[in-house]
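# Structural overview for review
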Amino acid sequence: YVPAQSSSPIISTFLYPRHPRFDFPDFYRRLSARGYHIYAGKLTQADCFRLGNIGHLFPSDVDGLLAAVAAVASEMGVELRR
């Protein structure tokens, strides 16, 4: 969502998927059940969510998050672009 020149190394913002089955509260609950906690967006002009990128993270942590997002989206019937 945020242009590269304004992006942050500690938090990333993503627009909600434009899909009729996407429901943020459900998406949030399902990711949380897998141990991944995301944040609702604080922007007033766009429906979005945020991911924190801080702490002692490894590539395997990012791989796990991406796998969880893909699994949750699939469970919800939401197709994601790659």
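Note that the coordinates shown come from a computational prediction; the quantities given were computed from them, not determined experimentally.

In this section: the overall build of the chain. When helices and strands are tallied, the chain shows two helices and three strands. For the chain, the α and β elements follow one another from N to C terminus as β-α-β-β-α. Rg of the C-alpha trace for the chain: 13 Å, near the compact-globule value of 12 Å for 82 residues, within the 12% margin. Over its C-alpha atoms, taken along the principal directions, the chain stretches across nearly 35 × 30 × 20 Å.

Take the pattern of salt bridges next. Here the structure, examined in full by the defined rule, presents three salt bridges. Between D26 and R30 there is a salt bridge, and its shortest N-O distance comes to 3.0 Å. In this pair, D26 and R30 both sit in helix α1 (residues 24–33), four residues apart, roughly one turn of the helix. You can call R30 partly exposed: its relative accessible area is 26%. Its salt-bridge partner being E75, residue R34 comes within 2.4 Å of it at the nearest N-O pair. Taken together, the residues span a long stretch of sequence, with R34 in the loop between α1 and β2 (39–40) and E75 in helix α2 (residues 59–76) at a distance of 41 residues.

Further remarks concern the nonpolar core. Ranked by size, the top nonpolar core spans 14 residues in total, and within it F22, F24, F27, L31, I38, F49 and M76 carry the most contacts. Taken together, the elements giving at least two residues each to this core come down to α1, β3 (48–52) and α2. Sorting elements by how many residues they give to this core places α2 first, with six residues. L31 has contacts with Y36, I38, A68, V69 and V72, leaving out every residue within four places of it along the chain.

On to α1, then. Among the residues of α1, F24, F27, L31 and S32 are the ones counted as buried. Mapping the buried residues of α1 onto a view down its axis gives an arc of 130°, with all of them on the same face. For α1, the exposed residues lying more than 90 degrees away from the buried face are R29 and A33. On its buried face, α1 sits against β2, β3 and α2. Where α1 begins, one side-chain oxygen reaches toward the backbone nitrogen of D26, 3.0 Å away; that side chain belongs to D23. Positive phi shows up at G35, right after α1, with a value of about 90°.

Rules of the game
- Per chain, residue numbering runs from 1 following the sequence as it is written.
- With the structure being a predicted model, the display of local features is reserved for residues of pLDDT at least 70 and the display and counting of side-chain atom pairs for 80 or more, all residues being used for whole-chain, interface and lining totals.
- Hydrogens and water molecules were not included; the side-chain quantities draw on all heavy atoms of the structure.
- Numbered from the N terminus, helices here are DSSP runs of H or I no shorter than four residues, and strands are runs of E no shorter than two.
- In this setup the radius of gyration rests on C-alpha atoms only. A globule is expected at 2.2 Å times the number of residues raised to 0.38.
- By convention in these notes, a salt bridge is any Lys or Arg side-chain nitrogen within 4 Å of a carboxyl oxygen on Asp or Glu.
- Here the term buried applies to any residue with accessible area under 20% of the maximum for its type, exposed to any over 50%, and partly exposed to those in between, with areas from a 1.4 Å probe on protein chains only.
- Residues belong to a common nonpolar core when they are buried Ala, Val, Leu, Ile, Met, Phe, Trp, Tyr or Cys residues joined through side-chain atoms within 4.5 Å.
- Here a residue-residue contact requires only that any non-hydrogen atoms of the pair lie within 4.5 Å.
- This arc describes the spread of directions from the helix axis toward the C-beta atoms.
- Any pair of nitrogen or oxygen atoms within 3.5 Å is treated as a polar contact; in protein, a donor-acceptor pairing is required on top of that, and neighbouring residues in sequence qualify only through side-chain atoms on both sides.

So far we have only geometry, and geometry alone does not tell us how the molecule works.
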